[in-house]
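Below, each chain spelled out in residue letters.
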Amino acid sequence: MEKKLMLPDQDPLISYTHSLRSRYNETDRMGYVYHGRYLEYFEVARTEFIRKTGIPYVGLEDAGIMLPVINAEIRYRKPVRYDELIKITVHIYSWPDVRFVTYYEIHTEGTDPHVLGKVELCFMSAQNRRPVKAPLNFINEFKRYVQEHA
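Below or above, wherever it landed, is the structure these notes cover. Predicted model only: the values in this text are computed from it and were never measured.

## A short note on the side chain of His107
Next up, step 1: Tracing the backbone through its elements, the reader meets His107 in strand β5 (residues 99–108).
Next up, step 2: Side-chain polar atoms of His107 contact the side chain of Glu105, separated by 3.3 Å.
Next up, step 3: Excluding anything up to four places from it in sequence, His107 contacts Leu85, Ile86, Lys87, Asp112, Pro113 and His114.

In structure tokens, the structure reads:
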């Protein structure tokens, strides 16, 4: 029930999973991943997902588009410990427009989610720092990726 409070009650357009191992410098004295690190994990998975679509962040930046975070929500369910292999799944439920809304689940092997999250980003002009619609090439590559991988 708690999971449904964070993730939409529908199938995502696309999901992407990135794996990594929690490192010693990411843990607190209890041996748990520090709570602030989960936003970094979300960013790593989101960046790799965008790279897979064919338009990496650097390509957006080179085109004068920034993608700042405008809202982030995290629900902590149970800690991830040092040296655990984690899977960060990014779910996309709606097509990017001015906003790009991403949802996350962090799992270790064979467990219910440790952490759930939602991050909203905004396409923004680097020149005037105002919101803009997602670039057409980003939308086209995103749609192509969804059609090929959904």
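There is more to say after this.
## Notes on the sheet that holds strand β1 (residues 14–21)
The pairing of strands in a sheet comes from backbone hydrogen bonds and takes either a parallel or an antiparallel form.
Next up, step 1: A sheet is described by the order of its strands in space; here five strands give the open sequence β1-β4-β5-β6-β3, paired in antiparallel fashion. The open sheet terminates on both sides in strands that have one partner only, identified here as β1 and β3 (69–76). When strand polarity is set aside, the average angle formed by the axes of neighbouring strands in this sheet is 20 degrees.
Next up, step 2: Helix α2 (residues 37–53) rests against β1, β3, β4 (85–92), β5 and β6 (115–122) of the sheet, and its axis sits at about 125 degrees to β1.
Next up, step 3: Against the sheet, helix α4 (residues 136–149) makes contact with β1, β4 and β5, and its axis sits at roughly 85 degrees relative to β1, the strand it touches most.

## Things to note about the nonpolar core
What tends to happen in soluble globular proteins is that the nonpolar side chains get buried as a cluster.
Next up, step 1: Of all hydrophobic cores here, the largest spans 33 residues; its most connected members are Tyr41, Phe49, Leu67, Ile88, Phe100, Ile106 and Phe138.
Next up, step 2: Elements with a minimum of two residues in this core: β1, α2, α3 (57–62), β4, β5, β6 and α4.
Next up, step 3: Ignoring sequence-local partners within four residues, the contact set of Tyr41 consists of Leu20, Ser22, Arg23, Glu26, Val33, Ile86, Ile88 and Ile106.
Next up, step 4: Membership of the second largest hydrophobic core comes to six residues, among which are Met6, Leu7, Val101 and Leu116.

## Considerations on the environment of Ile106
Next up, step 1: Along the chain, Ile106 turns up in strand β5.
Next up, step 2: The class of Ile106 is buried, set by a relative accessible area of 0%.
Next up, step 3: Sequence-wise, Ile106 and Tyr38 are 68 residues apart; in three dimensions their C-alpha atoms are separated by 8.6 Å.
Next up, step 4: In this structure, Ile106 is in contact with Tyr38, Tyr41, Phe42, Val80, Ile86, Lys87, Ile88, Pro113, His114 and Val115, ignoring residues within four places of it in sequence.

## Here's the deal with the packing of aromatic side chains
Next up, step 1: According to the stated counting rule, one finds 14 aromatic pairs in the structure shown.
Next up, step 2: With centroids separated by 6.0 Å and ring planes inclined at 45 degrees, the aromatic side chains of Tyr16 and Phe49 adopt a geometry described as tilted. Residue Tyr16 is located in strand β1, and its partner Phe49 is located in helix α2; the two are separated by 33 residues in the primary sequence.
Next up, step 3: For the pair Tyr24 and Tyr82, a centre-to-centre distance of 5.5 Å together with 90 degrees between the ring planes defines the contact as edge-to-face. Of the two residues, Tyr24 sits in the loop between β1 and α2 while Tyr82 sits in the loop between β3 and β4, which places them 58 residues apart along the sequence.
Next up, step 4: For the cation-ring pair, Lys143 lies above Trp95, with the distance from its terminal atom to the ring centre recorded as 5.6 Å.

## Focus: the pattern of salt bridges
Next up, step 1: In total, this model carries 10 salt bridges according to the counting rule given.
Next up, step 2: One salt bridge connects Asp97 with Lys133, and the closest N-O pair in it is separated by 3.2 Å. Taken as a pair, Asp97 in the loop between β4 and β5 and Lys133 in the loop between β7 (124–125) and α4 lie far apart in primary sequence, 36 residues in all.
Next up, step 3: As a salt-bridge pair, Arg144 and Glu148 come within 2.9 Å of each other at their nearest N and O atoms. With a gap of four residues between them, Arg144 and Glu148 both fall in helix α4, about one helical turn apart.
Next up, step 4: When salt bridges with common partners are traced through the structure, they connect Arg99, Lys118 and Glu120 into a single cluster.

Conventions adopted
Residues numbered from 1 in each chain as written. Predicted model: local features only at pLDDT ≥ 70, side-chain atom pairs only at ≥ 80, totals over all residues. Heavy atoms only, no water. Helix = DSSP H or I, 4+ residues; strand = E, 2+ residues; numbered from the N terminus. Polar contact = N/O pair within 3.5 Å; in protein donor to acceptor, adjacent residues only side chain to side chain. Contact = heavy atoms within 4.5 Å. Pairing = 2+ DSSP bridges. Axes fitted to C-alpha atoms, helices over the stretch in contact; angles between N-to-C directions. Core = buried A, V, L, I, M, F, W, Y, C linked by side-chain atoms within 4.5 Å. Buried < 20%, exposed > 50% of the residue type's maximum accessible area, 1.4 Å probe, protein only. Phe/Tyr/Trp six-rings, centres within 6.5 Å; stacked < 30°, edge-to-face > 60°. Lys NZ or Arg CZ within 6 Å of the ring centre and 35° of its normal. Salt bridge = Lys/Arg side-chain N within 4 Å of Asp/Glu carboxyl O.

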